Amino acid sequence: MPRLLPHRLTRLAALLLVASTATQAQEAPRLERVEVTGSTIKRLDAETALPVQVLRKEDIQKSGATTAAELVSMLAATANNLGDGISMANGGFRDQMGFNAVNLRGLGVSSTLVLLNGRRMANFASPGDDVGVDLNNIPAAAIERIEILLDGASATYGSDAIGGVMNFITKRNFQGVQGEVYGYRTQEGGAGKRTASLTWGAGDVARDRFNLLAVLDWQAADALDTSQRQFISDLKIPERLPHLLSSAGFPANIRLSSAQRNFLQDQGFRINGKEIENRTINLSVPNCLPPHTLYLPAGIGGVDGCTYDFMRDVELYPKSDRMGLLSRGVMDLGGGAQMFAELSMGRAKTLYTGTSNRIDADVPSSLIPLLAATGMPTDPDLDEPDVVVRTRMLEAGKRGSELTSTGTRAVLGFSGQAAGWEYELSVLGASNKVSERDVRGYLREAPVLAGFYSGAINPFGPSSQAGLQILRDAQINEEVRSARGTTRSLQGSMSRGLAQLEGGELMVSMGAELRRESTKSRASDLLISDQIVGDPSPGDAQTTDRGRRMWAVYGEMVAPLTKALELNAALRHDRYQTVGGSTTPKLGLRWVASPTLLVRASAGTGFRAPSVNDLYRPVKTSQTAVLPDPVCMAENDNDLSFCADFWETRTYANPNLKPEKSNQQSIGFVFQPSKRASLSVDWWAITKRNLISTIGDDVILANLAKYEPLVHRYNEDEGLAGCDYDPDDSTICFIELQKENRGRQKLSGIDLQAEWQGPATAFGRFGIKLSGTYALESKKQTGNGDPYISNLGRFVTDGVVQRWRHRLTLDWSAGAWNVALSNTYRTGHLDQNSAIDTDSGTVVAPNRVKAYSLWDLSARWQATPQVALRAGVRNLLDTPPPYSNQAFFFLSGYDPSYTDPRGRAFSLSLNFALR
């Protein structure tokens, strides 16, 4: 361990144990019989053979997180989660905007199972590459604790739990009224937040034979614009990453054909005092129009054009409005039987604001005085009187997309005892509906193109009143996509003791599940016609209506072979319609080596059936990041101003996909020298094969010798829609991303948890808690037989898995006061380093992204038994995201997948309780 973990953290964990042993005699805490995530059998001891992390309500409050997505972003066991920052970073070019999801181990959102009170929720409905629960649909105020099973649980919960399980558990048997109001304000402005929640409960099950609970949660957050953050300027993106910017600015660049450029060169046409060199020119050079449109000779606009810095015209964080309701009722029916019911509803409305729209439009050269003066419009040897202007339509305003995700879930069940068996039977119905509206800045293409061609819309300066009216009339404000997914299930289980063994009672459980999943998606007629400027996704326009059934049977056994040794075994068989089935076993051992030391180990297999979207999703049209085309570069003297661009991609589903399968192992120990201190260390390893994936577009373009058939060009007569054959045009029409079962993925690491709660002293009570993950391996193949590519400590294609991640909390309490200082930490990593020096055509000097460390401070004052105040400072040191040259996300200059652009912020909350 000393070689694997930072020395100071290892020493810290040891000091905690020594201090606790010196101040507290060894005590064996008295534990109640509970059901722990990862097992279907209730037990007296919460420490099982499987590693489970628990976040209690007080941990959540100290973190300052107000949503489930914010909370999981702090967890050391997660990597590459999906959040609002990711949706904004993708600029709407990639699918599933608005999807907030957890990614345990960095194994993939689709391999992490999210439960609410131990049962499923409907997955996010929009068709895409990731399948999972939208965390926006979980009312944050209702969460009492979170149990995180950091081991594959396919044998217990089902096929989609290869990476682990996150179980959100709500309040139980609550009586009284509890409310909270919360305000959050950033130091530099923007991204403010207000929340309010109200919890009501009545009845005690043991006394009154019933309990009713209702929780209402509301949240509203403001947008954050790049102009509100100094770190955007400090990153010096135009100087460092000119190739990642855009050649569509305002005033417009003119894209000349080779013949037009040659003609102008023959005429001695000059820009900025010298003859033009490139096919991209701008008549305003060198002035352009700062701060968003710049003259950057090394930029993508080239020496004769202007480069658009979209990081000056975009938001970093979206405006959002969330509402959640959860209600639960339990009734004692007598004879040990209970009836329970749950109803939850959540709605998240998010407004994603991107850059102003861009367009490539034909304009007669006769309307451009400087070009008309050269004789270009009438030259008999030049049969191209029109030029293409690549422009940003600032006069139309920024693009805005409103994404509304609505989730509902109802559960009705019975539990009790009969004939020596404990039983539970439940029926569940859940749905998620997603509606996406283009609300501003998106335009009807035909009238806009006509406006440019007529000269009414001016790509070089202010438009006429007629042009402005065209832009107003062409605005779109309507729903362009919608999707709905449903999950319905019937589940039953029963358990009992069968025999008395040396160490205790042999417990068994068995159960069965029937489930149906369905998904529907549609698009507007306007989107189907592919006539929306700035929304290049007509592939989603195909209506889908798919569903499937599955069934499963499972069993579990807990055998205390001796007082010290316990065997746990589970076996599950899942069978999916059209896909087939698989049997997944799981074995675990738990050995109490001494009153203070527990050793545990587990091994099992996993199985993830391809999702309905993987099998049947319609063709998805999207875009790459700005990438150079090697063929174009070879034909045009490595001219990046012409050959680096956003390239269209089309992602295809595959009805012949096979399930992913996996093997998991773990071994570790829990050391508890006293009731005040504990240390757990667990090694884990996961191997997943038959990966359901596509090849990264950057990988394809970097290896055309192998993947050239996936790059479709206009000079290839393949009869593909939208790729009109032109033997003289080698431009990329689109890159094909095909869902296939490809290769393997391997991950391994060590989880560490250390906790110490000191005794009461004259100076108060001190405590410390550390949760960390040290990754040993994270790599995968792009295809069967291909070499493994590691993203451990290195950004590859779409993300990075940092070597060490932790959450550390230092705690002090005295009387009515409690103060917590917390640190979220990610080690540095090797950057993507795909940036290209446009002068030399070589890769820029490698960059190493600095470590990212955020400190948070919160203080709580229990003013009265009924009223408490909490104040906090998020990002106490105002640490900005470190510089990164990653080219995957639309946002440039930093990595938005794990950093927080909001900066230092202050919060204040009031909590009251009436019992």
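Nothing here was measured: the structure is a model prediction, and the numbers come from that model. (Residues numbered from 1 in each chain as written. Predicted model: local features only at pLDDT ≥ 70, side-chain atom pairs only at ≥ 80, totals over all residues. Heavy atoms only, no water.)

> Help me out: how do you make sense of the overall build of the protein chain in this one?
A count of helices and strands for the protein chain gives 18 helices and 47 strands. The C-alpha atoms of the protein chain give a radius of gyration of 30 Å, which matches the 29 Å a tight globule of 915 residues would have. Overall size of the protein chain, expressed as C-alpha extent along the three principal axes, is 100 × 60 × 50 Å. Looking at the protein chain as a whole, 58% of its 915 residues are labelled buried. (Helix = DSSP H or I, 4+ residues; strand = E, 2+ residues; numbered from the N terminus. Rg over C-alpha atoms; globule rule 2.2 N^0.38 Å. Buried < 20%, exposed > 50% of the residue type's maximum accessible area, 1.4 Å probe, protein only.)

> Which parts of the structure should I look at to understand unusual backbone geometry?
Phi is mostly negative for residues that are not glycine, and the peptide bonds are mostly trans. Of note, the bond from Val285 into Pro286 is cis; its omega dihedral lies within 30 degrees of zero at 10 degrees. For Pro286, the location among the structural elements is in the loop between β12 (280-281) and β13 (293-294). Of the consecutive residues Pro290 and Pro291, the connecting peptide bond is found in the cis state with omega at 5 degrees. You can see Pro291 is positioned in the loop between β12 and β13. Residues other than glycine seldom take positive phi values, yet Thr578 does so here, at roughly 70 degrees. On the secondary structure map, Thr578 appears in the loop between β27 (565-576) and β28 (580-594).

> Could you clarify how one ought to interpret empty space enclosed by the protein in this entry?
In the structure shown here, the tally under the stated rule is 18 cavities of 30 Å³ or more. There is about 740 Å³ of room inside the second largest cavity. Taken together, 45 residues make up the lining of the second largest cavity; nearest its centre are Glu70, Ser73, Tyr898, Thr899 and Asp900. The class makeup of the residues in the lining of the second largest cavity is 20 nonpolar, 15 polar and 10 charged. (1 Å grid on protein atoms, 1.4 Å probe; cavity = no way out; pocket = protein on both sides within 12 Å on 5 of 7 lines; lining within 4 Å. Points joined across faces, edges and corners; volume = space filled by probe spheres on them. Nonpolar A, V, L, I, M, F, W, Y, C, P; charged D, E, K, R; others polar.)

> Sorry, what's going on with the environment of Gln802 here?
Residue position: Gln802 is located in the loop between β40 (788-790) and β41 (804-814). Separated by 723 residues in sequence, Gln802 and Ala79 have C-alpha atoms that sit 8.0 Å apart. Not counting residues within four places of it along the chain, the set of residues in contact with Gln802 comprises Ala775, Leu792, Arg826, Thr827 and Tyr898. (Contact = heavy atoms within 4.5 Å.)

> Would you explain the pattern of salt bridges in this entry?
A pair can form between side chains of opposite charge whenever their charged atoms are brought close. Under the counting rule described, the total for this entry stands at 43 salt bridges. Close ionic contact of Glu513 with Arg120 constitutes a salt bridge, the shortest N to O distance being 4.0 Å. Here Arg120 lies in the loop between β2 (112-116) and β3 (143-149) and Glu513 lies in strand β24 (residues 504-523), a separation of 393 residues in the sequence. Take Glu513 and Arg120: they sit in the same class, and that class is buried. Glu513 sits in the buried class, given a relative accessible area of 4%. When salt bridges with common partners are traced through the structure, they connect Arg120, Glu513, Arg515, Glu517, Arg548, Arg572 and Asp574 into a single cluster. (Salt bridge = Lys/Arg side-chain N within 4 Å of Asp/Glu carboxyl O.)

> Just to check I follow, could you spell out the state of the cysteines for this structure?
The final tally for this structure, using the stated rule, is 3 disulfides. The disulfide that involves Cys632 links it to Cys643, with 2.1 Å between the sulfurs. Handedness here is read from the sign of the S-S torsion; for Cys632 and Cys643, about -70 degrees, the answer is left-handed. One end of the pair, Cys632, is in helix α15 (residues 630-635); the other, Cys643, is in helix α16 (residues 640-643), with 11 residues separating them in the sequence. Across the pair, Cys643 and Cys632 agree in class, each one buried. (Disulfide = S-S within 2.5 Å.)

> It is not clear to me how a positive patch on the surface should be interpreted in this structure. Could you clarify?
A cluster of basic side chains, namely Lys433, Arg484, Arg488, Arg516, Lys520 and Arg549, defines a positive patch on the protein surface. Looking at the positive patch, the elements with two or more residues in it are β23 (478-501) and β24. Inspection of the secondary structure puts Lys433 in strand β21 (residues 421-440). Residue classification places Lys433 among the partly exposed positions, given a relative accessible area of 43%. (Patch = residues over 30% accessible without salt bridge, like charges linked within 9 Å, V, L, I, M, F, W, Y side chains within 5 Å. Areas by Shrake-Rupley, 256 points an atom, 1.4 Å probe, with all protein chains shown as cover. Lys, Arg positive; Asp, Glu negative; His and termini not counted. Charge placed at Lys NZ, Arg CZ, Asp CG, Glu CD.)

> I'm lost on the environment of Gly407 in this one. Help?
Take Gly407: it is sitting in strand β20 (residues 398-418). Sequence separation between Gly407 and Ser344 is 63 residues, and the spatial gap between their C-alpha atoms is 7.9 Å. Excluding its chain neighbours within four sequence positions, the residues that come into contact with Gly407 are Asn137, Ser344, Met345, Gly346, Ser431 and Asn432.

> Sorry, what's going on with the sheet that holds strand β1 (residues 52-56) here?
Two strands in a sheet stick together by hydrogen bonds in their backbones, pointing the same way (parallel) or opposite ways (antiparallel). Strand order in the open sheet formed by 4 strands is β1-β3-β4-β2, with mixed pairing between adjacent strands. If you trace the sheet from one side to the other, it starts and ends with β1 and β2, each paired once. Between one strand axis and the next, the sheet turns by 15 degrees as a mean value, whatever way the strands run. Note that β3 and strand β4 (residues 164-170) share 6 bridges and pair antiparallel. Counted as the bridge partner of Leu149 is Val165 from β4. (Pairing = 2+ DSSP bridges. Axes fitted to C-alpha atoms, helices over the stretch in contact; angles between N-to-C directions.)

> Could you clarify how one ought to interpret the sheet that holds strand β36 (residues 732-738) in this entry?
Strands sit in the order β30-β31-β36-β35 across an open sheet of 4 strands; the sheet is mixed. Each having just a single partner strand, β30 (620-628) and β35 (711-713) make up the two edges of the open sheet. Each adjacent strand pair in this sheet contributes to an overall mean axis angle of 35 degrees, direction not counted.

> Just checking my understanding: could you explain the confidence of the model for the protein chain for this structure?
Regions with low pLDDT should not have their predicted coordinates read in detail. With 91% of its residues at a pLDDT of 70 or more, the protein chain has an overall mean of 87. Of the regions scoring below 50 in pLDDT, residues 1-33 engages in 54 contacts with residues more than four places distant in sequence or in other chains. (pLDDT = per-residue confidence, 0-100.)

> It is not clear to me how helix α11 (residues 445-454) should be interpreted in this structure. Could you clarify?
Given 3.6 residues to a turn, an α-helix orients residues that are three or four positions apart in the same direction. Among all positions in α11, only Val448, Gly451 and Phe452 are buried. End-on, the buried residues of α11 take up no more than an arc of 95 degrees, which puts them together on one face. Check the buried side of α11 and you find it contacts β18 (358-364), β19 (386-392), β22 (443-444) and α12 (465-473). (Arc of directions from axis to C-beta.)

> What am I meant to see in the pairing of strand β7 (residues 210-221) here?
Pairing of strand β6 (residues 193-202) with β7 involves 10 bridges; the strand directions are antiparallel. From the neighbouring strand, Ala196 faces β7, where its bridge partner is Trp218.

> For this particular structure, what's the right way to read the packing of aromatic side chains?
For any pair of aromatic rings, the description rests on two quantities: the centre-to-centre distance and the angle between the ring planes. Evaluated as defined, the whole model comprises 8 aromatic pairs. Centre to centre, the rings of Phe99 and Phe124 are 4.6 Å apart; their planes meet at 5 degrees, and the pair counts as stacked. Taken as a pair, Phe99 in the loop between α4 (84-89) and β2 and Phe124 in the loop between β2 and β3 lie far apart in primary sequence, 25 residues in all. For Phe99, a relative accessible area of 1% corresponds to the buried category. (Phe/Tyr/Trp six-rings, centres within 6.5 Å; stacked < 30°, edge-to-face > 60°.)

> So what exactly am I meant to see when it comes to helix α9 (residues 258-266) here?
Listed in full, the buried residues belonging to α9 are Gln260, Phe263 and Leu264. Viewed along the axis of α9, the buried residues span an arc of 95 degrees, placing them on a single side of the element. Close packing links the buried residues of α9 with β9 (253-255), β12, α10 (369-372) and β19. Just downstream of α9 lies Gly268, where phi reads positive at about 70 degrees.

> Where do I start with the side chain of Gln664 in this structure?
In this fold, Gln664 is placed in strand β32 (residues 660-674). Accessibility expressed as a relative area gives 1% for Gln664, which makes it buried. Here Ser662 takes part through its side chain, which lies 2.3 Å from a polar atom of the side chain of Gln664. Ignoring sequence-local partners within four residues, the contact set of Gln664 consists of Asp151, Gly152, Ile162, Lys586, Ser602, Ala603, Gly604, Thr605, Gly606, Ala685 and Ile686. (Polar contact = N/O pair within 3.5 Å; in protein donor to acceptor, adjacent residues only side chain to side chain.)

> Help me understand the side chain of Thr487, please; the structure alone is not making it clear to me.
If you trace the backbone, Thr487 turns up in strand β23. Apart from residues lying up to four places away in sequence, Thr487 is in contact with Met121, Ala122, Leu428, Gly429, Ala430, Arg515, Arg516 and Glu517.

> Would you take a moment to explain the environment of Pro881 for this structure?
Mapping Pro881 onto the fold places it in the loop between β46 (867-874) and β47 (905-914). The class for Pro881 is buried, based on a relative accessible area of 3%. Each C-alpha atom, one on Pro881 and one on Asn117, is 35 Å from the other, the two residues being 764 residues apart in sequence. Other than its neighbours up to four places away in sequence, Pro881 contacts Phe231, Leu235, Tyr852, Tyr894, Thr899, Asp900 and Pro901.

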